[in-house]
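Remarks on the overall topology
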Amino acid sequence: MRRAPPHSPSAGRFASRAIVAALACACLAACSDPIAVEPPGPDPIITQAALEAGGFIEVSPCRPSHEHDLRHVRVVANLAAADRYRRCVLTARPDDPLCLEPFPEGALFVKYEYELPGCVPAELVSYTANAKLAKGAFESGRDWRWQRISPKFKVEEDGAPWRCLLCHIDHCEPPYGHDLRCTPD
Ligand code: HEC
């Protein structure tokens, strides 16, 4: 009787095919994992690099917020936003012609949020941010894009979340603000 020895070439080929098949199955299982195929989230409207590059001006220093989950906050804005925020929000001047216009496209606000007083950078719990889009580009957000962003710059809320909008429409129109930007309370 002829029996193939255990390490004959044909037994070896069989074993290697079995290994290849097992690996293929493992890969298929991993590839069909919903976490592995989840599309990347939206890009944050601000990045660490952009914040560190300068060009942002503090328009509202560290203070407790009556809104925003009663956190301690500080607000920075880019150049396109800062001057108008001072003129039309902080010192509401309804007769200033500048304040009849909405913020220009590219205006950007970033609010740093902390649970504890002092706004210590290492204790940041969240960013909220708004970027002004082109006129008429995003009516449901009043041409602002709204985001909540984690300290690691993962976008947690994006677009025109109703919670952000309702509160800003309620609290941040004249005489309490300008173009949905709020007077610090
Ligand atoms: C419950 C009301 C409320 C909610 C909800 C809310 N905001 Fe605000 N927000 C305010 C008020 C009031 C201010 C100004 C005073 C302050 O900072 O407390 C403000 C300030 C801001 C600022 C600083 C610039 C400015 O407008 O003065 C940003 C940026 C901002 N909010 C973004 C957001 C985003 C994004 C969301 C949703 C993820 C959101 N807010 C949800 C009430 C709210």
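Everything below is about the structure shown above.
Quick summary incoming for the structure in this document.

Attention shifts here to the overall build of the protein. Scanning the protein from terminus to terminus reveals five helices and eight strands. In sequence order, the protein lays out its α and β elements as α-α-α-β-β-α-β-β-β-β-α-β-β. Within the protein, counting contacts between residues at least 6 apart in sequence, those at least 24 apart form 45% of the total.

In the vicinity of the ligand, 26 residues are found, and the nearest of them are Ser 65, Glu 67, Cys 164, Cys 167 and Cys 182. Classifying every residue of the shell around the ligand gives 11 nonpolar, eight polar and seven charged.

All right, on to the nonpolar core then. Formed by 25 residues in total, the largest nonpolar core has its most connected members in Ala 77, Ala 81, Leu 108, Phe 109, Val 110 and Ala 129. Of all the secondary-structure elements, those providing two or more residues to this core are strand E2 (72-78), helix H4 (79-90), strand E3 (108-114), strand E4 (124-132) and strand E5 (144-149). Among the elements that line this core, the one with the most residues is E3, at five residues. Residues in contact with Ala 81, not counting those within four places in the same chain, are Phe 103, Ala 107, Leu 108 and Phe 109.

Next up on the list: unusual backbone geometry. Residue Pro 175 follows Pro 174 across a cis peptide bond; omega there is 0 degrees. Position of Pro 175 relative to the elements: it lies in the loop between helix H5 (162-171) and strand E7 (177-178). Despite not being glycine, His 68 has its phi angle at roughly 45 degrees, a positive value. Relative to the helices and strands, His 68 resides in the loop between strand E1 (56-64) and E2.

Moving on, we get to the environment of Arg 71. Structurally, Arg 71 is set in the loop between E1 and E2. Setting aside its immediate chain neighbours within four residues, Arg 71 contacts Ser 65, Glu 113, Tyr 114 and Glu 115.

Parameters at a glance
Residues numbered from 1 in each chain as written. Predicted model: local features only at pLDDT ≥ 70, side-chain atom pairs only at ≥ 80, totals over all residues. Helix = DSSP H or I, 4+ residues; strand = E, 2+ residues; numbered from the N terminus. Contact = placed C-beta atoms within 7 Å. Near = placed C-beta within 6 Å. Nonpolar A, V, L, I, M, F, W, Y, C, P; charged D, E, K, R; others polar. Core = buried A, V, L, I, M, F, W, Y, C linked by C-beta atoms within 7 Å. Buried ≥ 20, exposed ≤ 12 C-beta atoms within 10 Å, placed from the backbone.

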